[in-house]
Amino acid sequence: MTGCEQVESFLASADGAARRNPPPELQEHLDKCPPCRELFEFATTDGNVEVRAETRCAIQRALAASLCPVRPLPCHTTRTLIFLAIFGVGAGLWILKTGWGGATGLSSLQLSGSLAAVAAAAVLAAALLGAEMAPGEGRPAPLGFVVVATVGGMAALIAALFPGKPGRIGWPLR
């Protein structure tokens, strides 16, 4: 390992007071190598230090050289549709595995209400997940709306699945 690599390794592993007191062999290299000395001083200084223009340019060149193009993400609508397709495939497989027998015991209002609530939840979740996939993109809905929509959707689903009977309060005792 060269002296420059030793300086980088030392700065990456040492902390606090240990950083301010390098071992003698490292100090010898720091006395001979101005770039390492500047890096060491910058890394061990507590306050704001002005970085020289040459150093800044060297950092920019090194970073620019390491950048490589990436494949862009699909648009938000496409990501949302992909998540909806994944949900649809999962729901279809679930229905194939368990059957549609539970739906026969529901009234048409209950069935349509529960399917609408599940579909709304799937669309909302897909839109939110699609937005989270792209760094720096804004969210499609504020958190308050998501909470209200989730609680409201659950209330609508419960109301559709468990309709109240007039004149009766609470759960029947048997």
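Residues numbered from 1 in each chain as written. Predicted model: local features only at pLDDT ≥ 70, side-chain atom pairs only at ≥ 80, totals over all residues. Heavy atoms only, no water.

The next point concerns the side chain of H29. Inspection of the secondary structure puts H29 in helix α3 (residues 24–32). Exposure remark for H29: the relative accessible area of 18% places this residue in the buried category. Not counting residues within four places of it along the chain, the set of residues in contact with H29 comprises G3, C4, V7 and C36. (Helix = DSSP H or I, 4+ residues; strand = E, 2+ residues; numbered from the N terminus. Buried < 20%, exposed > 50% of the residue type's maximum accessible area, 1.4 Å probe, protein only. Contact = heavy atoms within 4.5 Å.)

Interhelical geometry of helix α7 (residues 108–132) versus helix α8 (residues 143–161) gives an angle of 160° and a closest axis separation of 8 Å. Looking at the two axes, α7 sits roughly antiparallel to α8. Our pair here, α7 against α8, has a crossing hand that is left-handed. The residues of α8 that touch α7, namely those facing L109, Q110, G113, S114, A117, L124 and L128, are F145, V146, A149, T150, G153, L157, A160 and L161. Looking at side-chain class alone, the contact of α7 with α8 contains ten nonpolar, five polar and no charged residues. (Axes fitted to C-alpha atoms, helices over the stretch in contact; angles between N-to-C directions. Parallel < 35°, antiparallel > 145°, perpendicular 65-115°, else oblique. Left-handed = near helix turned anticlockwise from the far one by under 90°. Nonpolar A, V, L, I, M, F, W, Y, C, P; charged D, E, K, R; others polar.)

What follows covers the packing of aromatic side chains. Counted according to the given criterion, the structure contains one aromatic pair. Taking the centre distance of 6.2 Å and the plane angle of 25° together, the rings of F10 and F40 count as stacked. Within this pair, whereas F10 is found in helix α1 (residues 3–13), its partner F40 is found in helix α4 (residues 34–44), the two being separated by 30 residues in sequence. (Phe/Tyr/Trp six-rings, centres within 6.5 Å; stacked < 30°, edge-to-face > 60°.)

Before going further, it helps to spend a moment on a nonpolar patch on the surface. Taken together, the side chains of W94, I95, W100 and L115 make up a nonpolar region of the molecular surface, amounting to roughly 450 Å² of accessible area. Looking at the element boundaries, W100 is found in the loop between α6 (76–98) and α7. (Patch = residues over 30% accessible without salt bridge, like charges linked within 9 Å, V, L, I, M, F, W, Y side chains within 5 Å. Areas by Shrake-Rupley, 256 points an atom, 1.4 Å probe, with all protein chains shown as cover. Salt bridge = Lys/Arg side-chain N within 4 Å of Asp/Glu carboxyl O.)

Here the focus is the confidence of the model for the protein. Parts of the prediction with low pLDDT should not have their coordinates interpreted in detail. Within the protein, residue pLDDT values average 81, and 89% of them lie at 70 or more. Per-element averaging of pLDDT across the protein places helix α2 (residues 17–20) at the bottom with 71 and α6 at the top with 91. (pLDDT = per-residue confidence, 0-100.)

Okay, the environment of G3 next. Residue placement: G3 occurs in helix α1. The class for G3 is buried, based on a relative accessible area of 17%. Distance from G3 to Q27, taken between C-alpha atoms, is 9.8 Å for residues 24 residues apart in sequence.

We now examine the side chain of R79. Note that R79 resides in helix α6. A polar contact is formed between the side chain of R79 and the backbone oxygen of G130, at a distance of 2.7 Å. Setting aside anything within four residues of it in sequence, one finds R79 in contact with L73, P74, G130, A131, M133, A134 and E137. (Polar contact = N/O pair within 3.5 Å; in protein donor to acceptor, adjacent residues only side chain to side chain.)

Attention now goes to the environment of A160. Relative to the helices and strands, A160 is located in helix α8. Sequence separation between A160 and Q110 is 50 residues, and the spatial gap between their C-alpha atoms is 4.7 Å. Excluding residues within four positions of it along the chain, A160 makes contact with L109, Q110, G113 and S114.

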